[in-house]
Amino acid sequence: MRSIRVGNAQAFWGDRPSAARELLTQEPELDFLTMDYLAEVSMSILAKQRQRDSERGYPRDFVDVVRDLASYWAAGGRCRLIANAGGLNPRSCATMCQRALEEAGCRALKIAIVYGDNVLELLTVNDGTSGPFSNLDDGRPLSDVQDRLVTANAYMGCEGIVKALEAGADIVITGRVADPSMVVGACAHAFGWKLDDWYALAGATVAGHLLECGTHVTGGIATDWLMFPNHQHIGFPIAEISQDGSCVVTKGRGSGGAVNEQTVKEQLVYEIGDPARYISPDVCVSFLGLKLETVGKDRVRVFGAIGSPCPSTLKVSATYRDGYRAAGMLTVFGLDAAAKARKGGQVVLGRLAEMGWHYRDAIVEVLGHGDSVPRADATSSLPIIEAVLRIAVESESSEPIEAFTREMIPLVTAGAQGTTGYADGRPSVQEIFRYWPCLIETRAIEQQVEIWETRDTLANNPESETSKRTIKISAGPSKQAVHAESNAPCVSKSSSSSLAGHRLISVAYGRSGDKGTGANVGILARTESDYAKLSQWLTAERVHAYFKPLEIESVERIAIPNLLGFNFLLRGVLRRGIRNDAQGKAIAQALLLMPLDDYPSGAATS
């Protein structure tokens, strides 16, 4: 069966900029390379940039990546690049990429932009014909924030990407598209799929979901991260996708990390909502029929996705201004460090209250003492000799925030002995941008594609004469790097913590992330036996009680028996945007600390 090889070298704006070149050095025969730059907050940052300069509004890091790849294409490399790096200004991004390639020296390439996702005008005018645009999380009407909107972009599907590739584009730059749609577009073009071939599209969407977060699927942020080899060179992922939509997940040759059923399962359950109905603009996917099969070292086959027609609406990611915030940290070292840190925070907020300053929200967290994710079983009995005091405040206006920034640093001389870590000075005032998810009728969106060619300037590339002859394939990290890695301690599940054997992490692993103001927590049993026990033991009610200090609105548990897992939807857990773990990335690890005191017999041992 025919297949294509699709890699990913960017999980977010700020990821490792050298990854694209490294992956194509390891795997020069990739067919497609995808790169993901856009999170919700990214669009607000880009909007501020574009306000200062109309030619901005896109992640400029991407231009450097394209410049860095000029020698690959100059050497005859044929991998086609698909990235949502257009942000709010795909045309300017493409113009700068064209200039970078021509200056670096490269053969002629076709660059395409895909746009049409910007629906800000529709939301600000909002005559009701395109949708009510009420908040998907809490049902509030758009009128609550309409005059404060900054960006509004619909998650487009793969159609524009397919058209761009059909027109011969070597580089496709999009605005907001659904993350998996970059992979779906590559597959639909390569295999000639119709855009209602639901099962094939579903398989490609699963592949795209596995790739979209980069090293998430090759060992990055995995529960058992410490056990994987060569953390310094964790490889970016590759999916070998077949014509039926099934895929084999692997990584670049010679790279670190690992691809196994555990790393693949953790990414499968990451931020998926209802696993029976994962909604994308291309297809609705059920994960409940997925099967995994190890087919070699660092090679896992994923198949069995079930597809059905997508809704007649698209999700919109809008952002709006909502006041100001600041957060500052100080370290306290010595006996009673946690108590001293907490008292210091109370002192700062107390002084501000005496001055008459009021805040919409304020929080004191003692990091190192469990405050990132408070739990019902959290204990203060452990000896803590070092703690980080974190204070965060937010307000509608900037004046109270500026007052806070002046009051924190005096703890250096007026606070507890051992207060340190103040080299960065006062905290800075930040404008708050909130996320507004809503729906828009698909018919209101028209994807548009523009294409132009770069000039052939290959003669200007000093590497061209040598690089035209061969594309080098890396054999892996240097001996020095391997030696340095081999000196690192080998940590096993049993030795990593004296507490592990009595807690959920000994029988399960998992991953969590944000879903609007809620969090998605995927928990996966390590064995079939433990899955059966967890089905009875790890209830939504138990999880809700465990996280009582977080004041969660509700908890829903959805079983994923084919993956030996459960998806927990924690609604309202992320409403306080000033928390340290504002995106819920640590919640799964907090849940895995749940004691197994009444777990069914024959379970974990110490």
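Shown above is the structure to which this text applies.
My aim in this report is to walk through the structure given alongside it, one point at a time. (Residues numbered from 1 in each chain as written. Predicted model: local features only at pLDDT ≥ 70, side-chain atom pairs only at ≥ 80, totals over all residues. Heavy atoms only, no water.)

1. Quick notes on the overall build of the protein
Defined as follows: By definition, any uninterrupted DSSP run of H or I lasting at least four residues is a helix, any uninterrupted run of E lasting at least two residues is a strand, and each is numbered from the N terminus. In this setup the radius of gyration rests on C-alpha atoms only. A globule is expected at 2.2 Å times the number of residues raised to 0.38. In what follows, a contact means two residues having at least one pair of non-hydrogen atoms within 4.5 Å. Computed with a 1.4 Å probe, the accessible areas rest on the Shrake-Rupley method; for each residue, only the protein chains presented here act as cover. His is not counted, nor are the chain ends, whereas Lys and Arg count as positive and Asp and Glu as negative. Charge positions come from single atoms, namely NZ of Lys, CZ of Arg, CG of Asp or CD of Glu.
When its secondary structure is counted, the protein shows 18 helices and 23 strands. Against the globule reference of 25 Å for 606 residues, the protein gives a C-alpha radius of gyration of 25 Å, in line with a compact fold. Here the analysis covers contacts within the protein between residues at least 6 apart in sequence; of these, 77% occur between residues at least 24 apart. Accessible surface computed for the protein: about 25600 Å², of which carbon and sulfur atoms make up 50%. Side chains of the protein give 62 positive and 71 negative charges; the mean places of these two sets differ by 3 Å.

2. Looking at the pairing of strand S22 (residues 554–560)
For clarity, the cut-off: Two strands are counted as paired when DSSP detects at least two bridges linking them.
Here S22 pairs with strand S23 (residues 565–571) via seven bridges, running antiparallel. Bridge pairing in S23 places Val555 opposite Leu570. Connecting S22 to the next strand, S23, in antiparallel fashion are four residues, including Leu564 with a positive phi near 55°.

3. Notes on the nonpolar core
Worth spelling out the cut-off: Working definition of a nonpolar core: buried Ala, Val, Leu, Ile, Met, Phe, Trp, Tyr and Cys residues. They are joined through side-chain atoms within 4.5 Å. We call a residue buried when its accessible area falls under 20% of the maximum for its residue type, exposed when it is over 50%, and partly exposed in between, using a 1.4 Å probe and counting protein chains only.
Within the largest apolar cluster, 71 residues are counted, with the highest numbers of intra-cluster contacts made by Leu123, Val206, Ile241, Val264, Leu268, Val302 and Val316. What Val302 contacts, discounting residues up to four positions off in sequence, is Val206, Leu210, Ser246, Cys247, Val249, Val264, Leu290, Lys291 and Leu292. Judged by nonpolar contacts, the second largest core, of 42 residues, contains Leu24, Leu30, Ala70 and Cys106.

4. A few points about the pattern of salt bridges
As a reminder, the rule being used: The salt bridge criterion pairs a side-chain nitrogen of Lys or Arg with a carboxyl oxygen of Asp or Glu, the two atoms within 4 Å.
Summed over all chains, the structure comprises 33 salt bridges. The residue Arg321 makes a salt bridge to Glu431 at a minimum N-O spacing of 2.7 Å. With Arg321 in strand S14 (residues 313–333) and Glu431 in strand S18 (residues 430–441), the pair connects residues that are 110 residues apart, well separated along the chain. The exposure class assigned to Arg321 is partly exposed, which follows from its relative accessible area of 27%. Between Arg434 and Asp322 there is a salt bridge, with the nearest N and O atoms lying 2.9 Å from each other.

5. Here we look at the packing of helix H9 (residues 198–211) against helix H10 (residues 261–268)
This is how it is decided: Helix axes are fitted to C-alpha atoms over the stretch in contact, other axes to C-alpha atoms as well, and angles between N-to-C directions run from 0 to 180 degrees. Orientation is classified from the angle alone, with under 35 degrees giving roughly parallel, over 145 giving roughly antiparallel, 65 to 115 giving roughly perpendicular, and any other angle giving oblique. Under the scheme applied here, ten amino acids are nonpolar (Ala, Val, Leu, Ile, Met, Phe, Trp, Tyr, Cys and Pro), four are charged (Asp, Glu, Lys and Arg), and all others, including Gly, are polar.
Close contact between H9 and H10 brings their axes to 9 Å; oriented N to C, the two are set at 100°. Considering their axes alone, H9 and H10 lie roughly perpendicular with respect to each other. Residues Val206, His209 and Leu210 of H9 lie in contact with H10, whose contacting residues are Val264, Gln267 and Leu268. Residues of the contact of H9 with H10, tallied by class, amount to four nonpolar, two polar and no charged.

6. Here we look at the sheet that holds strand S9 (residues 278–279)
The antiparallel open sheet is built from three strands, whose spatial order is S9-S10-S13. The sheet is open, and its two borders are formed by S9 and strand S13 (306–308), each paired with just one other strand. Pairing of S9 with strand S10 (residues 284–286) involves two bridges; the strand directions are antiparallel. Across the sheet, residue Ile279 finds its bridge partner in S10, namely Cys284. H9 contacts S9, S10 and S13 of the sheet and is inclined by roughly 115° relative to S13.

7. Some remarks on a nonpolar patch on the surface
Let me state the cut-off plainly: Candidate patch residues must exceed 30% relative accessible area and have no salt bridge, after which like charges are joined if within 9 Å and Val, Leu, Ile, Met, Phe, Trp or Tyr side chains if within 5 Å.
Taken together, the side chains of Phe333, Leu335 and Ile385 make up a nonpolar region of the molecular surface, amounting to roughly 340 Å² of accessible area. Its place among the elements puts Ile385 in the loop between strand S15 (361–367) and strand S16 (386–395). We classify Ile385 as partly exposed; its relative accessible area is 48%.

8. Considering helix H11 (residues 337–354)
We count it as follows: The span one expects for a helix is its residue count, reduced by one, times 1.5 Å. Note: the arc covers the axis-to-C-beta directions of the helix.
Spanning 18 residues, H11 covers 26 Å between terminal C-alpha atoms, matching the ideal 26 Å at 1.5 Å per step. Here H11 has its buried residues at Ala337, Ala338, Ala341, Gly344, Gly345, Val348 and Leu352. Summarising the axial view, the buried residues of H11 lie within an arc of 130°, below the 170-degree limit, and thus occupy one face. In H11, the exposed positions that point more than 90 degrees away from the buried face belong to Ala339 and Glu354. Contacts from the buried residues of H11 go to S14, S15, S16, helix H12 (399–408) and helix H13 (411–414). At the exit of H11 stands Gly356, carrying a positive phi of roughly 95°.

9. Regarding the packing of aromatic side chains
What counts here: Put simply, two rings from Phe, Tyr or Trp (the six-membered ring, in Trp's case) pair if the centres are within 6.5 Å, and we call them stacked under 30 degrees between planes, edge-to-face over 60, tilted for the rest.
Using the criterion set out here, one finds nine aromatic pairs in the structure. On the basis of an interplanar angle of 65° and a centroid distance of 6.3 Å, the ring pair of Tyr72 and Trp73 is categorised as edge-to-face. Of the residues examined, Trp73 reaches a relative accessible area of 1% and is grouped as buried. On the basis of an interplanar angle of 65° and a centroid distance of 5.0 Å, the ring pair of Tyr546 and Phe547 is categorised as edge-to-face. One exposure class covers both Tyr546 and Phe547, and it is buried.

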